[in-house]
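Now for the letters of each chain:
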Protein chains: 2
Amino acid sequence: MINDLDEGSLLERIFPRLGPANVPVGPGDDAAVIDAPDARTVISIDTLVQDQDFRLEWPSGYRTTGYDVGWKSVAQNLSDINAMGAVPTSLVISLTLPGSTPVAWVEDLADGVAAAIRKLGADRCSVVGGDLGRGDALVVTAAVTGDLEGRFPVLRSGARPGDIVAVAGTLGKAAAGLCLLDSKHPIAEARASLQALANIQSRPEPPLHAGPAAAKAGATAMMDISDGLLRDAARLARASAVSVDLFAAALQDFVEPLGEAAALLGADPMEWVLGGGEDHGLLCTFPAAEALPDGFVAVGAVRESGSAPATLDGAAVQAIGWDHFGG
Amino acid sequence: MINDLDEGSLLERIFPRLGPANVPVGPGDDAAVIDAPDARTVISIDTLVQDQDFRLEWPSGYRTTGYDVGWKSVAQNLSDINAMGAVPTSLVISLTLPGSTPVAWVEDLADGVAAAIRKLGADRCSVVGGDLGRGDALVVTAAVTGDLEGRFPVLRSGARPGDIVAVAGTLGKAAAGLCLLDSKHPIAEARASLQALANIQSRPEPPLHAGPAAAKAGATAMMDISDGLLRDAARLARASAVSVDLFAAALQDFVEPLGEAAALLGADPMEWVLGGGEDHGLLCTFPAAEALPDGFVAVGAVRESGSAPATLDGAAVQAIGWDHFGG
């Protein structure tokens, strides 16, 4: 366990697994130095907390691996850069670990970090620094930087009445996966199609090329769908002083792959599509005259601001989605 | 308490206290956009964990305020940028908070963040984003960026035999303050000079102008003294493949102000000077021919690599200082 190692020895176990940092100054000094050729840097920070954002052991019998936690931390951070239309350039990661954490678990986390960067296609990104400390619960915080490559950042506030509303990535799969992991149905014995949903919850796959593609295609507004389509659409609508109307028929393609899990759990798959976060897809608005870039599907339209910021087929829906505090 | 608020409402309490973010895109979108006129960005991350890096209640009766925690998080992060010879440009801060945390405590934390930025003189720095979540223990992680203003970053690895070793800022005061806070002597009844030491532990004051000044003056190596002078000198020495010899006589000016606290606690003040971290002063090496910039005091010399990376008057000393893991 990590209590048997000093900080330097643990870092020596971690950093080789992360691969080289292709930056002017990488890990090992007081701070790193990264290139910012655009003369601007995009930056965000996101945290995963044990028993809040993931369970180490689930009712379904699944045990969250270090690899899962490393992957998920990276994925949710890269997604924030993607949602600005930028390309990720670096990560700094702070780990707070119980002293009893097995060293192999931390090594697995490092492998998950490296794998997520590589497999999600963040070719220009590497881990350039970090911090290690102890605590009673596992907390992983990453800050991520990005490069706009000369483009304007795509904000939440630019949607205009008449724009098309489109999404990239998956919707509802992570929420279905969460319900499966949280159920008493042993996930190890589940069909591969159900395990695939749980995998999206544990290791989400944000569509990293879609953000810059949307920016190039003239997206007027964009954001990461992290708290549920309806809730996030309402946020985009408020930021833009418009209404977003979603079309139920256009969402059927997202509902269909969730049918098996919904039948097993007695759930409504449309609720997962409308209310589920953590897929880290993109919600985007485009001028109606433009063709949607590859990977985007039209799911609604922007209207003049009305009685509700987000509607389904013109009708208000009670916002469902995740908020980190009760309220 | 914060459980009574949703995330958005809590953010509305926090952000106005942080002052305006003078950046292209500030808080409220998926990520912020900051200027990087140098075409490079310096970046680091650091975490404070309750009961590891600070106690909410100390044996001396002191109760750590939100202001203290906000200040300390900012100070230790700004110090890492300082130690590269750069100027801080932005902070992103992630708060993990128990649901029972009073809202006023979090507001006080925001005030401490804003005050540290202002009073430490980080004129170009503002809080540009953050993340809020719940957990059983309080965890504050900040990532900080900096601008090198066209200078080379000053690394740990550039010290050369013959260089002068110098420090800026205070040494041992935070360690003395830690011992006072951790003692049974009621801090509220202590003399002002002792309370001032405790204040340095709770709200360290890194010398933020010294880092860029050292870089301009031709510093060959530099680092933040966060884990103790001897331990950090050994790290700088190893990174530079040299030895650092410290002069006990030159450290007497740092020992003297600790005498009263040492007498009260029966401690050796030189141990605080040599082993105490958290003042976040700077350890720096300069070519012998150069005049030291304002704020720096010569405390040793760089030698060819010898039997020990760091020595005191030529003799090896057992490394004392803080390591976050046992080992």
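Residues numbered from 1 in each chain as written. Chains lettered and ligands numbered in written order. Predicted model: local features only at pLDDT ≥ 70, side-chain atom pairs only at ≥ 80, totals over all residues. Heavy atoms only, no water.

For chain A, an unreviewed UniProt entry supplies the name Thiamine-monophosphate kinase and the organism Arthrobacter sulfonylureivorans. Listed under Function (unreviewed entry) in UniProt, the entry text for chain A is "Catalyzes the ATP-dependent phosphorylation of thiamine-monophosphate (TMP) to form thiamine-pyrophosphate (TPP), the active form of vitamin B1." Looking at chain A in UniProt, the text filed under Pathway (unreviewed entry) is "Cofactor biosynthesis; thiamine diphosphate biosynthesis; thiamine diphosphate from thiamine phosphate: step 1/1." (UniProt positions renumbered as here; feature names shortened; annotations may be inferred.)

Caption draft 1: Inspection of the interface of chain B and chain A at higher detail. Counting from both sides, the interface comprises 60 residues of chain B and, opposite them, 60 residues of chain A. Linking chain B with chain A are four salt bridges, by the criterion used here. One can count 19 residue pairs in polar contact (both at pLDDT 80 or more) joining chain B with chain A. If you list the elements that add at least two residues to the side of chain B that touches chain A, you get α1 (7-18), β1 (32-35), β2 (40-49), α2 (66-82), β3 (87-97), β4 (126-134), β5 (139-147) and β7 (221-225) of chain B. When residues of the side of chain B that touches chain A are assigned to their parent elements, the largest contribution, nine residues, is made by β2(B). For the side of chain B that touches chain A, a count of residues per class yields 31 nonpolar, 16 polar and 13 charged. Summarising the sheet, strand β2 (residues 40-49) of chain A and β1(B) pair through four bridges and their orientation is antiparallel. (Contact = heavy atoms within 4.5 Å. Salt bridge = Lys/Arg side-chain N within 4 Å of Asp/Glu carboxyl O. Polar contact = N/O pair within 3.5 Å; in protein donor to acceptor, adjacent residues only side chain to side chain. Helix = DSSP H or I, 4+ residues; strand = E, 2+ residues; numbered from the N terminus. Nonpolar A, V, L, I, M, F, W, Y, C, P; charged D, E, K, R; others polar. Pairing = 2+ DSSP bridges.)

Caption draft 2: Layout of the relation of the copies chain B and chain A. Laying chain B over chain A is done by rotating through 180° and shifting 0.0 Å along the axis; what remains is an RMSD of 0.0 Å. Considering both components of the superposition, the chain copies are consistent with a two-fold axis. If distances are taken from each C-alpha of chain B to the rotation axis, the shortest is found for Ala39(B), at 2.4 Å. A shared binding surface is used by both copies, with 100% of the interface residues of chain B retained as interface residues in chain A. (Least-squares fit on C-alpha atoms with pLDDT ≥ 70 in both.)

Caption draft 3: Structural detail: the domain arrangement of chain A. Residue and element names in this part refer to chain A. Along its sequence, chain A is carved into domain 1 (2-147) and domain 2 (156-316). Here the C-alpha centre of domain 2 lies 26 Å away from the C-alpha centre of domain 1. Opposite the 25 residues of domain 1 that make contact, domain 2 presents 28 residues. Of the roughly 2,100 Å² buried between domain 1 and domain 2 on both sides combined, carbon and sulfur atoms contribute 59%. Of all residues in domain 1, Ser-60, Lys-72 and Asn-82 give up the largest surface area on contact with domain 2, accounting jointly for 27% of the area buried on that side. If you look at where domain 1 meets domain 2, you find three salt bridges. Ionic pairing is found between Arg-203 and Asp-68, a salt bridge with its closest N-O pair at 2.7 Å. For the side of domain 1 that touches domain 2, the secondary structure elements donating two or more residues are α2 (66-82) and β3 (87-97). By residue number, the principal contributor to the side of domain 1 that touches domain 2 is α2, which donates ten residues. (Domains from an automatic or database assignment. Buried area = accessible area lost by both parts, 1.4 Å probe.)

Caption draft 4: Representation of the nonpolar core within the structure. Ranked by internal contacts, the top residues of the largest apolar core, which has 85 residues, are Leu10(B), Leu91(B), Leu95(B), Leu229(B), Leu246(B), Leu251(B) and Leu283(B). In terms of residue count, helix α3 (residues 103-119) of chain B provides more of this core than any other element does, nine residues in total. When sequence neighbours within four positions are dropped, the list of residues in contact with Leu95(B) reads Ile14(B), Val106(B), Leu109(B), Asp131(B), Leu132(B), Gly133(B), Val139(B) and Val140(B). Judged by nonpolar contacts, the second largest core, of 84 residues, contains Ala116(A), Leu148(A), Leu171(A) and Ala221(A). (Core = buried A, V, L, I, M, F, W, Y, C linked by side-chain atoms within 4.5 Å. Buried < 20%, exposed > 50% of the residue type's maximum accessible area, 1.4 Å probe, protein only.)

Caption draft 5: Examining the packing of α1(B) against α3(B) more closely. All names here are of chain B. The geometry of α1 relative to α3 is characterised by a closest axis approach of 8 Å and an angle of 25° between their N-to-C directions. As summarised for this structure, α1 and α3 are arranged roughly parallel, according to the angle between their axes. Between α1 and α3 lies a crossing of right-handed hand. Together, Leu-10, Arg-13, Ile-14, Arg-17 and Leu-18 of α1 and Val-103, Val-106, Glu-107, Ala-110, Asp-111, Val-113 and Ala-114 of α3 make up the contact between the two elements. The residue makeup of the contact of α1 with α3, split by class, is eight nonpolar, no polar and four charged. (Axes fitted to C-alpha atoms, helices over the stretch in contact; angles between N-to-C directions. Parallel < 35°, antiparallel > 145°, perpendicular 65-115°, else oblique. Left-handed = near helix turned anticlockwise from the far one by under 90°.)

Caption draft 6: Quick peek at the pattern of salt bridges. Under the counting rule described, the total for this entry stands at 34 salt bridges over all chains. Between Asp30(A) and Arg156(B) there is a salt bridge; the shortest N-O distance is 3.4 Å. One end of the pair, Asp30(A), is in the loop between α1 (7-18) and β1 (32-35); the other, Arg156(B), is in the loop between β5 and β6 (164-168), on a second chain. You'll find Asp30(A) and Arg156(B) in the same group, each marked buried. The residue Arg55(B) makes a salt bridge to Asp182(B) at a minimum N-O spacing of 3.2 Å. In this pair, Arg55(B) sits in the loop between β2 and α2 while Asp182(B) sits in the loop between α4 (173-181) and α5 (192-202), placing the two residues 127 residues apart along the sequence. A relative accessible area of 35% means that Arg55(B) is categorised as partly exposed. Note on Asp182(B): relative accessible area 33%, which makes it partly exposed. Connected through salt bridges with shared partners, the residues Arg13(A), Arg17(A), Glu107(A) and Asp111(A) form a single ionic network.

Caption draft 7: The arrangement of the UniProt feature "binding site: substrate" (unreviewed entry) in chain A in detail. Residue and element names in this part refer to chain A. According to UniProt, the positions carrying the feature "binding site: substrate" (unreviewed entry) are Asp-53, Glu-278 and Trp-322. Along the polypeptide, Asp-53 turns up in the loop between β2 and α2. Of the residues examined, Asp-53 reaches a relative accessible area of 17% and is grouped as buried.

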